[in-house]
Amino acid sequence: MKTATASTDVLDAQEAGRGLAGEIQRGLGGQPKAIMVFAAPSYDHEALLAALVAECPEALVVGASSAGEFLNQQRGEGLACALGLAGEDVRFGVGVAREITSDAAEAARQIVSGFSGLADYTFPYRSALVMADALAGHADVLVDELTLATGGQYQFFGGGAGDNAQFQRTSVFCGREVLNGAAVALEILTEKPIGVGVRHGWAPASAPFRVTEADGMRLISLNGLPAAEAFEAHATTTAQALDRAAPIPFFLHNIIGIEAGESHRLRVPLAILDDGSVLCAAEVPQGSVVYIMRASVASAVEAAQEATQAALAALGDNKPQAALFFDCVATRLRMGDQFGEEVGVVRGELSGADLLGCNTHGQIARAEGQFEGFHNCTAVVAVLPE
């Protein structure tokens, strides 16, 4: 597999698209077969994609709006970055579901209808980058349904489209199209394995709670009491400030961990509603056991390092060519400038391979030994082999 990376901070979307295309073509020495692109919400995404596709007409283009972008040493919150892929030892396909809210199983079937690896076993390894409009909800169910629709033959990595934590409008990209309420996947069939690693670095900081009522992304009650009261009691116990009208500063450091065997699946609280329920970035299942979680800069950096090491180990004897890194916008906001330490430790493990990625509203990872699917505040690393 051949890869080439590109990034731009040019504000004009058409010029930015042409610049990304030219940089990828120079890096590959020709046209790409596929392009992954992540672009800040400040861009006119339709204009950027139109320019990119016009310059790379043979490429399958997939991506999403983002909430912070990075490429090797460059990092910012107003960039567009892209990874071009080519080679005779890889095959690509695209699947798209234009509406994921009403029927996740049907959405998954629509996506995998664009996959050729379910019937053609020429390539032994099957993976897919999946980007979803997390604001539409049901991203966790969608990952489960994708696993069922592919018979467990594929591993998935990616995330939820972002808009710099405004939670107003997030988009996924398919070719020239900018889609909302949708999900898109780039199928990657390879002769060598793609390594995927997942870690989060959070630990329980409270007693367990039973989710006694939940409705989608609304966490209504814990242990039979309004969910907000549990957070307020925890704030009092730990001497933290929690303002119901502006809870984000507290929530960035005190998120929800859903008990999942020996680990925890994370959910970021976003707001306290008038009835005392808590709006979250993704669903919290009714009946589940949850904790209020804590993390530190050191634990987040260590988690990203361990995720990278796990992804590299999954390559076997193959050397890394390039890596994709996704982590939560909440992680970037919580860590501030120290988020650079997390990106830096991932880059340091890669032995000089290119690193490209973005902050997302939720992360997707489903690989061997990892069954949780959709995450918040979690480092996901996918390493592509030479």
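Rules behind the numbers
- Along every chain, residues carry numbers that run from 1 in the direction the sequence is written.
- Owing to the predicted nature of the model, reporting of local features is limited to residues with pLDDT of at least 70; listing and counting of side-chain atom pairs is limited to 80 or more, with chain, interface and lining totals taken over all residues.
- Side-chain measures were taken over the full set of non-hydrogen atoms in the model, leaving aside hydrogen atoms and water.
- Side-chain rings of Phe, Tyr and Trp (the six-membered ring for Trp) are treated as a pair once their centres are within 6.5 Å; stacked means planes under 30 degrees apart, edge-to-face means over 60, and tilted covers the remaining angles.
- Only protein chains enter the calculation, and the probe is 1.4 Å; a residue is then buried if its accessible area is under 20% of its type maximum, exposed if over 50%, and partly exposed in between.
- Labels follow the DSSP assignment, with helices taken as runs of H or I lasting at least four residues and strands as runs of E lasting at least two, numbered in each case from the N terminus.
- Take the buried residues of types Ala, Val, Leu, Ile, Met, Phe, Trp, Tyr and Cys, join any two whose side-chain atoms come within 4.5 Å, and each joined set is a nonpolar core.
- Just to be clear on terms, a salt bridge is a Lys or Arg side-chain nitrogen sitting within 4 Å of an Asp or Glu carboxyl oxygen.
- Strand pairing is assigned whenever DSSP identifies at least 2 bridges connecting the two strands.
- Note on geometry: axes are C-alpha line fits, over the in-contact stretch for helices, and angles between N-to-C directions span 0 to 180 degrees.
- Between two residues, a contact is recorded if the distance between any of their heavy atoms is within 4.5 Å.
- Counting of polar contacts relies on pairs of N or O atoms within 3.5 Å, with two restrictions inside protein: one atom must be capable of donating a hydrogen and the other of accepting it, and residues adjacent in sequence are counted only when both atoms are side-chain atoms.
- For classification purposes, an angle smaller than 35 degrees is called roughly parallel, one larger than 145 roughly antiparallel, one from 65 to 115 roughly perpendicular, and anything else oblique.
- By convention the crossing between two helices is left-handed if the near helix lies anticlockwise of the far one by an angle smaller than a right angle, and right-handed if it lies clockwise.

(A) Spotlight on the packing of aromatic side chains. By the definition in use, this model includes eight aromatic pairs. Relative to phenylalanine 156, the ring of tyrosine 154 has its centre 6.4 Å away and its plane inclined at 10°; by these criteria the two rings are stacked. For the pair formed by tyrosine 154 and phenylalanine 156, the shared burial category is buried. Where phenylalanine 231 meets phenylalanine 250, the ring centres are 6.5 Å apart and the plane angle is 85°; that geometry is what we call edge-to-face. Residue phenylalanine 231 is located in helix H5 (residues 227–237), and its partner phenylalanine 250 is located in helix H6 (residues 248–251); the two are separated by 19 residues in the primary sequence. Phenylalanine 250 carries the same exposure label as phenylalanine 231, and that label is buried.

(B) Just the environment of glycine 336, in detail. Relative to the helices and strands, glycine 336 resides in the loop between helix H8 (329–335) and helix H9 (339–348). Distance in space between the C-alpha atoms of glycine 336 and valine 297 is 9.8 Å, their sequence separation being 39 residues.

(C) Region of interest: the nonpolar core. By size, the foremost hydrophobic cluster in this structure holds 37 residues, and its most contacted members are Met36, Phe38, Phe157, Ile188 and Leu324. Counting residues in each nonpolar core, the second largest holds 26 residues, with Ala21, Ala39, Val61 and Ala86 among its members.

(D) Looking closely at the pattern of salt bridges. One pass over the structure, following the stated rule, counts ten salt bridges. In this structure, arginine 91 engages aspartate 120 in a salt bridge whose closest nitrogen and oxygen atoms are separated by 2.8 Å. A residue pair is termed long-range when its members are at least 10 positions apart, and arginine 91 in strand S7 (residues 90–97) and aspartate 120 in the loop between helix H3 (104–112) and strand S8 (125–132) qualify at 29 residues. Arginine 91 gets classed as partly exposed once you look at its relative accessible area, which sits at 28%. Exposure remark for aspartate 120: the relative accessible area of 26% places this residue in the partly exposed category. A salt bridge links glutamate 232 to arginine 244; its shortest N-O distance comes to 2.6 Å. Of this pair, glutamate 232 sits in helix H5 while arginine 244 sits in the loop between H5 and H6, placing them twelve residues apart in sequence. For glutamate 232, a relative accessible area of 26% puts it in the partly exposed group. Take arginine 244: its relative accessible area is 35%, and that puts it in the partly exposed class. Connected through shared salt-bridge partners, Asp215, Arg218 and Asp275 make up one network.

(E) Looking closely at the sheet that holds strand S27 (residues 379–385). Read from one edge to the other, the open sheet built from six strands follows the order S5-S4-S24-S23-S27-S13, with strand pairing classed as mixed. What marks the edges here is a single partner per strand, and that holds for strand S5 (74–76) and strand S13 (195–199). The sheet shows a mean angle of 10° between the axes of neighbouring strands, direction not considered. One ladder, built from three bridges, connects strand S4 (residues 69–71) with S5; its direction is antiparallel. Bridge pairing in S5 links leucine 71 to glutamine 74. Here helix H7 (residues 297–313) sits on the sheet in contact with S13, strand S23 (320–328) and S27, set at roughly 155° to S13. Along the sheet, H9 makes contact with S4, S5, S23, strand S24 (354–360) and S27, crossing S23 at roughly 155°.

(F) Structural detail: the side chain of threonine 190. Residue position: threonine 190 is located in strand S12 (residues 183–190). A distance of 2.6 Å separates the side chain of threonine 190 from the backbone oxygen of lysine 192, its partner in a polar contact.

(G) Representation of helix H2 (residues 45–55) within the structure. What H2 keeps buried is the set His45, Ala47, Leu48, Leu49, Ala51, Leu52 and Val53. Two to three positions downstream of the cap, the backbone nitrogen of glutamate 46 sits 3.3 Å from a side-chain oxygen, assigning the N-cap of H2 to aspartate 44.

(H) Representation of the sheet that holds strand S11 (residues 177–179) within the structure. Overall, mixed pairing links the six strands, which are arranged S1-S6-S2-S3-S10-S11 in an open sheet. Among the strands making up the open sheet, the edge pair consists of strand S1 (2–8) and S11. Each adjacent strand pair in this sheet contributes to an overall mean axis angle of 15°, direction not counted. Seen against the sheet, helix H1 (residues 13–28) touches S1, strand S2 (34–39) and strand S6 (80–86) and runs at an angle of roughly 150° to S1.

(I) Geometry of the packing of H7 against H9. Contact pair H7 / H9: the axes reach a minimum separation of 9 Å and the direction vectors enclose 25°. The orientation of H7 with respect to H9, classified from their angle, is roughly parallel. The handedness of the crossing between H7 and H9 comes out as right-handed. Only Glu341, Glu342, Val345 and Val346 of H9 make contact with H7, whose side of the interface consists of Val297, Ala300, Val301, Ala304, Gln305 and Thr308.

(J) How the structure looks around unusual backbone geometry. Residues other than glycine seldom take positive phi values, yet asparagine 72 does so here, at roughly 50°. With respect to the helices and strands, the residue asparagine 72 is situated in the loop between S4 and S5. Non-glycine residue cysteine 377 carries a positive phi angle of around 50°. With respect to the helices and strands, cysteine 377 occurs in the loop between strand S26 (370–375) and S27.

The values are spatial; any link to function lies outside them.
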